[in-house]
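# Breakdown of the fold
Read off the chains here:
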Amino acid sequence: MGKIFKNLAPYWKSVILILALLFVQAFCDLSLPAFTSDIIDVGIQNSGISHTLPQSVTASEFQTALLFMTDSEKQIWADAYGQELTDTQAATGTSSATIADDTVYTLTADSIKNWDTLDSELRIPLLVDYEMSHVSDAQLKSIESSIASGTGSAGNSSASGKAASAQNAAMMQAFSSLKAVDGYTDIRPLFLQMAQARQLPDDLLSQVRSQTQKTLDTMGSTLASSMGVAFAVRCDKEAGMDMNSIQTGYLMQKGLQMVLLALLQAAVAVMVGFFAARIGAGVGRTLRDQVFTNVISFSGAEMDHFSTASLITRSTNDVQQVQMVLTMLLRMIIYAPILGIGGLIRVAGTGAGMGWVIGLAIIVILGIVGLLMAIAMPKFKLMQKLVDRVNLVSREILTGISVIRAFGREKREEERFDEANVALTKTTLFTNRVMTFMMPVMMLIMNGLSILIVWVAGHRIDAGVMQVGAMTAFITYAMMIVTSFLMLTMLSIMLPRAVVASERIDEVIQMKPTITDPASPSVLPETDAKGTIAFHHVNFRYPGGETDALSDIDFTALPGQTTAIIGSTGCGKSTLVSLIPRLYDITGGEITLDGVDIRSLSLGDLRGEIGFVPQKGNLFSGTIASNLRFGNQEATDAQLKDAIEIAQASEFIHEKADGIESPISQGGNNVSGGQKQRLSIARAIAKNPQIYVFDDSFSALDLKTDAKLRHELSERVKNKTVIIVAQRISTILHADQILVLDEGCLVGKGTHAQLMESCEVYQQIATSQLSASELEKERKGGDCA
C-alpha cells in the first residue's frame, strides 16, 4: 500500500488542492438533503415560514401571548415589535385599554437581524400559547381536574376558603361552556377573561408551562421548531400577510440555492476529476520512465532475471493498474470517508434517533466485504503472474511463427496458448464472480435500509415525534453513508491487483544494475596504439552458474589487425565479445583498453569506442538513414554512403524508390536476413569507432558478399581494431590473429598456418569445412607469403 501512495509525493500540492475541493463537494452533497427537508417541512407544510416568532401579529394575539410570559419575556416580546408595555400589561399580561383587534404589529429591523435569538428566548411562552389554542380533550380534563382539586389559588386575592371555592366553581362552569372544534378547544379567551378579572391562578400557568416544557424535551428541537412555526403561520395569516407569496418566495429561494449548489458541486467534481486524472497520468508517466530508465541500464545479468514479456507487462499493464487506482483513490476513495463522516454528523444533527439503523447496515456491509476479500485476495495475486504467462507464450509464438509452421507445430502451440489463456480466464472469472456478487448484495442492503428507515420513521411520524422532511433527509444521508462504504468496496476490488502491480514495478525500479559507471572514471590516454584490447587471464561465470563459461582467457587485439575467434557451438565466443562493451562483467582477471581497466572507464566512454554488431541484427522502426545514424547522429550523407558501400548494401538500397529514406518496419521485418546483417554492419561502420566487434555477423551473407565485405573493411578501416567471431573458417583464414575456443578455454592462438600445425581443435574445424585441396592451396599461399 505504501508503495502506491509514495508515488503521490511529487504531487502533494495538487493532492492538497483535491482534498480541499472534495470537502467543498461533500459540503454541497450534504447540504442538498437539508434543502429538500426544508422545502418539504417549511416550504410545503409550513407555508414558507421558518421562525417561531411571527413577522406580524394582531393586537389581540399580541395581548394573548403576554398571558404565558414571564416579566423578562414580556419585555422582549414588546421590544421585538417596538411596543411599550403598560403597568397593567407588565403586571398581569392584560390591558384595560381598548385596542382594535385588526391592529397589526410588525417586527422591527433589529429584531429581524436577531430573529433566531428571539425564537430561542420566546419559544416556550409562544408554544404554550399555541398549545392552549388547540387543547385536546385529555388535556382539557387534566386542567379541569387541577382546578377542581383546588391546586390553584387566586393570584392577587386574599379571599377566604369559601370565596376560593366559589371562584373555582365559576371557573369549572366556564370550562364546561367551552366548545371543541375537530376535537380541540381554544381556552385562551377564557384565560384572558380570567386574567382581566384577576381570577387566573398563577400555579395553573406554571403547570401549563411545565407540561409544555416536558413535551418539548420528548419531541426534540426539530419538532419543537415545527410547532413554533405553526404558531407563526397562524399569526401571520391572521395579520393579513400574503401566505401564498411567502410560500412561493421561500420555495423559489431554496430551489435557486439548490441549483447553485448543484452547479458548484458539478464544477468541483469536474475539477477533481481533472486534477486526479492529471496526477494519475503523471504517476503513470513517471513509473514508466523509471522502469524504462532502469531497464536500459540493466546488464545481461539483470535482463536474465526478468523475462522480456514480464518487463513489458510491468511497464504497461501493471503501471496502468496503479494509475487507475490512484485516479480512483483521489476521485472517490478519499471522498468516501469525508462523505461518510459528514453524513454521520448530519444524521446525528437531525435528532431522529435512528442511528442504530445505519450502524446495523454498516456492520453487515463490513462483514460481507471482509468475507469476499478473504476469498478473492489470493486469486488477485495469482492473476498478474498468469498475465505474464500469457504475454510470454504469445511473444514466443508470434516471434517464432515461421519455425512453428516449418515444424507443423501449430496445433501444439495453440494448445499451449490455450492452456495459459484458460488459466487466466478461470482466475479472472472467479474473481469477477466473487466481486459481482458484492454489488447486488450492496443494493439489497441499501433497499432494505430504505424500507427499514421508512417503517421506523413512519411509526415516529405517527407518534408525532418526527416530520416527513426529516425522514426524507435521513434516508438521503443514510444512502450517502452506505454509498461511501460502496466506494470503499470498489477500492477493495481494485487495490489488491494494484498492490501486486506496484510491488512488481518496484521490484524492477529497485533492482540495482551490477554494471555502472565508477565513482571516479578514468580517462583513456592519448597513445599511438589507440584501440588496443587486452584480456589478462579473464574468467567469467554467468549469474547463478555452477561453472565458468570462460576460463583463463589471455590475448591482445591490436589496432590495424584483425583478431578472429572461432570454435564449436556453445564454446563461449559470443560470451567473450560481450565482455568487451561490459554487457556482462568478468568474474576474474582484467580487460584493458589502451592499458586502462575497462571497469574504471565510464560506460559512455567505453562503448563510444566500440562498434558492436550482434549475432542477431536488430533494426528499429524508422528509415534506413535513421538506423545507420543510430550510433552517430552527426554522420553526413557521404559517411553513410561509405558505410553502405563497405557493408555491400548499396545494391539493394539503390533498388528502393526512396533510397536511404526507405522505411524500416519494427525489427526490420521488411528486409531479408542478409540485408538486415549488412545494414547492422553499416550502422557500426557509420559510427566510426576505434574498435569493431563482429559477433558472427557474416553468417547470413553468401561467400562472395562475405569476401567483398571483408576486403572493403580491411582497406577502409585501417588502424582500427577488428574482432570477428565466425563459424565459417573461410571468413577468418587471413586474420592476423585467430583465437580458438573449446569449452570456454583458449586452446589455440596464432595465424591459420600456425594453428594448422599446433592446434588440433582448429585442424578439426578446418578439415570439416575445407577440402584437402583447399587446405593445400591455403598452405602454399601462406608459404609464398
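Since the structure is predicted, the reported quantities are computational estimates derived from the model, not experimental observations.

### With respect to the overall build of the chain
Along the backbone of the chain there are 29 helices and 16 strands. Looking at the chain residue by residue over its 785 residues, the buried ones come to 47%. Long-range pairs, those at least 24 residues apart, make up 79% of the contacts in the chain with a sequence separation of at least 6. Approximately 38,200 Å² of the chain is accessible, and the part contributed by carbon and sulfur atoms is 56%.

### Some details on the nonpolar core
In terms of nonpolar packing, the biggest core is built from 90 residues, with Ile18, Ile279, Met354, Met435, Met442, Leu449 and Ile453 touching the most fellow members. Secondary structure elements with two or more residues in this core: α2 (12-45), α12 (243-296), α14 (308-333), α15 (335-350), α16 (355-399), α18 (410-462) and α19 (468-510). For this core, the leading source of residues is α19, giving 23 residues. If you look at the next biggest cluster of nonpolar residues, it comprises 47 residues, including Val613, Ala625, Ala649 and Ala726.

### Describing the confidence of the model for the chain
Scored by pLDDT, the chain comes out at a mean of 82, with 87% of its residues at no less than 70. Here helix α9 (residues 161-176) stands out as the least confident element of the chain, with mean pLDDT 59; strand β5 (residues 533-540) is the most confident, with 94.

### Section: helix α28 (residues 760-769)
Of all the residues in α28, the buried ones are Val761, Tyr762, Ile765 and Ala766. Along the long axis of α28, the arc covered by the buried residues comes to 130°, so they all point the same way. Exposed positions of α28 whose direction lies more than 90 degrees from the buried face are Glu760 and Ser768.

### Side note on empty space enclosed by the protein
Taken as a whole and judged by the stated rule, the model has two cavities of 30 Å³ or more. Size it by volume and the second largest cavity reaches roughly 30 Å³. Every residue lining the second largest cavity is listed: Leu579, Tyr584, Asp585, Ile586, Ile591, Asp597, Ile598 and Arg599. Here the residues of the lining of the second largest cavity sort into five nonpolar, no polar and three charged.

### Remarks on the packing of helix α23 (residues 637-646) against helix α25 (residues 673-687)
Where α23 contacts α25, the two axes come as close as 8 Å, and the packing angle between them is 135°. With respect to α25, the element α23 is oriented oblique. The crossing of α23 and α25 is right-handed. Counted together, Leu640, Ala643, Ile644 and Ile646 of α23 and Ala682, Ile685 and Ala686 of α25 form the full contact between these two elements. Taken together, the residues of the contact of α23 with α25 sort by class into seven nonpolar, no polar and no charged.

### Things to note about α2
For α2, with 34 residues, the first-to-last C-alpha span of 49 Å sits near the 50 Å given by 1.5 Å per residue. In α2, a bend of some 30° at Ile39 exceeds every other bend along the element. Ser47 sits one or two positions beyond α2 and adopts a positive phi of about 60°.

### Considering the side chain of Glu73
Relative to the helices and strands, Glu73 is located in helix α4 (residues 71-80). A distance of 2.9 Å separates the side chain of Glu73 from the backbone nitrogen of Thr70, its partner in a polar contact. Beyond its immediate stretch of four places on either side in the chain, Glu73 contacts Phe68, Glu121, Leu122, Pro125 and Arg209.

### Quick notes on a nonpolar patch on the surface
Nonpolar side chains collect at one region of the surface, where Leu256, Val259, Leu260 and Leu263 lie side by side and expose about 390 Å² of accessible area between them. Following the sequence through the fold, Leu260 ends up in helix α12.

### Things to note about the pairing of β5
Summarising the sheet, β5 and strand β6 (residues 550-557) pair through five bridges and their orientation is antiparallel. Opposite Phe535, over in β6, you have Phe555 as the bridge partner. Here β5 pairs with strand β8 (residues 588-593) via five bridges, running antiparallel. Across the sheet, Phe535 pairs through a bridge with Ile591, a residue of β8.

### Here's the deal with the environment of Ser600
Inspection of the secondary structure assignment puts Ser600 in the loop between β9 (596-597) and α21 (603-608). Separated by 77 residues in sequence, Ser600 and Val523 place their C-alpha atoms 8.6 Å apart. With near-sequence residues (within four places) excluded, Ser600 lies in contact with Pro518, Ser520, Pro521 and Ser522.

### Some remarks on the packing of aromatic side chains
Taken as a whole and judged by the stated rule, the model has 13 aromatic pairs. Judged by centre distance (6.2 Å) and plane angle (90°), the ring pair of Phe62 and Tyr81 falls under edge-to-face. Remark: Tyr81 occurs in the loop between α4 and α5 (87-92) and Phe62 occurs in helix α3 (residues 59-65); sequence separation between them is 19 residues. Its relative accessible area of 3% is what places Tyr81 among the buried residues. Each ring, one from Phe62 and one from Tyr105, has its centre 4.9 Å from the other, and the planes form 90°; the classification is edge-to-face. Of the two residues, Phe62 sits in helix α3 while Tyr105 sits in strand β2 (residues 104-106), which places them 43 residues apart along the sequence. What makes Tyr105 buried here is its relative accessible area of 11%. By way of ring pairs, the aromatic residues Phe62, Trp77, Tyr81 and Tyr105 are connected into one cluster.

### Topic: the side chain of Gln677
Examined against the element boundaries, Gln677 turns out to sit in helix α25. On the basis of relative accessible area, Gln677 is assigned to the buried category, the value being 7%. Here Gln677 is in contact with Gln615, Asp696, Ser697, Phe698, Ser699, Ala700 and Leu701, once residues within four sequence places are set aside.

### Description of the environment of Gly48
Looking at the secondary structure, you find Gly48 in the loop between α2 and β1 (56-58). Taking the relative accessible area as the measure of exposure, Gly48 reaches 9% and is therefore buried. For the pair Gly48 and Lys254, spaced 206 residues apart in sequence, the C-alpha separation works out to 10.0 Å. Those residues in contact with Gly48, other than ones at most four positions away along the chain, are Val42, Gly43, Ile246, Gln247 and Tyr250.

### Digging into the environment of Ala309
Within the secondary structure, Ala309 is located in helix α14. Relative accessible area serves as the criterion here: at 2%, Ala309 is assigned to the buried category. Measuring from C-alpha to C-alpha, the distance between Ala309 and Val390 comes to 8.8 Å, with 81 residues separating the pair along the chain. Ignoring any residue separated from it by four or fewer positions in sequence, one finds Ala309 in contact with Asp388, Asn391, Leu392 and Arg395.

### Description of the pattern of salt bridges
Tallying each qualifying case throughout the model produces 16 salt bridges. The closest approach of N and O atoms between Glu415 and Arg412, which form a salt bridge, is 3.7 Å. Residue Glu415 and its partner Arg412 are both found in helix α18; the two are separated by three residues, about one turn of the helix. You can call Arg412 partly exposed: its relative accessible area is 32%. Put simply, Asp548 and Arg541 hold a salt bridge, and the shortest N to O gap is 3.0 Å. Beyond isolated ion pairs, a larger network of salt bridges with shared partners links Glu61, Asp129 and Arg234.

What counts, and where the lines are drawn
Residues numbered from 1 in each chain as written. Predicted model: local features only at pLDDT ≥ 70, side-chain atom pairs only at ≥ 80, totals over all residues. Heavy atoms only, no water. Helix = DSSP H or I, 4+ residues; strand = E, 2+ residues; numbered from the N terminus. Buried < 20%, exposed > 50% of the residue type's maximum accessible area, 1.4 Å probe, protein only. Contact = heavy atoms within 4.5 Å. Areas by Shrake-Rupley, 256 points an atom, 1.4 Å probe, with all protein chains shown as cover. Core = buried A, V, L, I, M, F, W, Y, C linked by side-chain atoms within 4.5 Å. pLDDT = per-residue confidence, 0-100. Arc of directions from axis to C-beta. 1 Å grid on protein atoms, 1.4 Å probe; cavity = no way out; pocket = protein on both sides within 12 Å on 5 of 7 lines; lining within 4 Å. Points joined across faces, edges and corners; volume = space filled by probe spheres on them. Nonpolar A, V, L, I, M, F, W, Y, C, P; charged D, E, K, R; others polar. Axes fitted to C-alpha atoms, helices over the stretch in contact; angles between N-to-C directions. Parallel < 35°, antiparallel > 145°, perpendicular 65-115°, else oblique. Left-handed = near helix turned anticlockwise from the far one by under 90°. Expected span 1.5 Å × (residues − 1). Bend = angle between axes of the 7 residues up to and from the residue. Polar contact = N/O pair within 3.5 Å; in protein donor to acceptor, adjacent residues only side chain to side chain. Patch = residues over 30% accessible without salt bridge, like charges linked within 9 Å, V, L, I, M, F, W, Y side chains within 5 Å. Salt bridge = Lys/Arg side-chain N within 4 Å of Asp/Glu carboxyl O. Pairing = 2+ DSSP bridges. Phe/Tyr/Trp six-rings, centres within 6.5 Å; stacked < 30°, edge-to-face > 60°.

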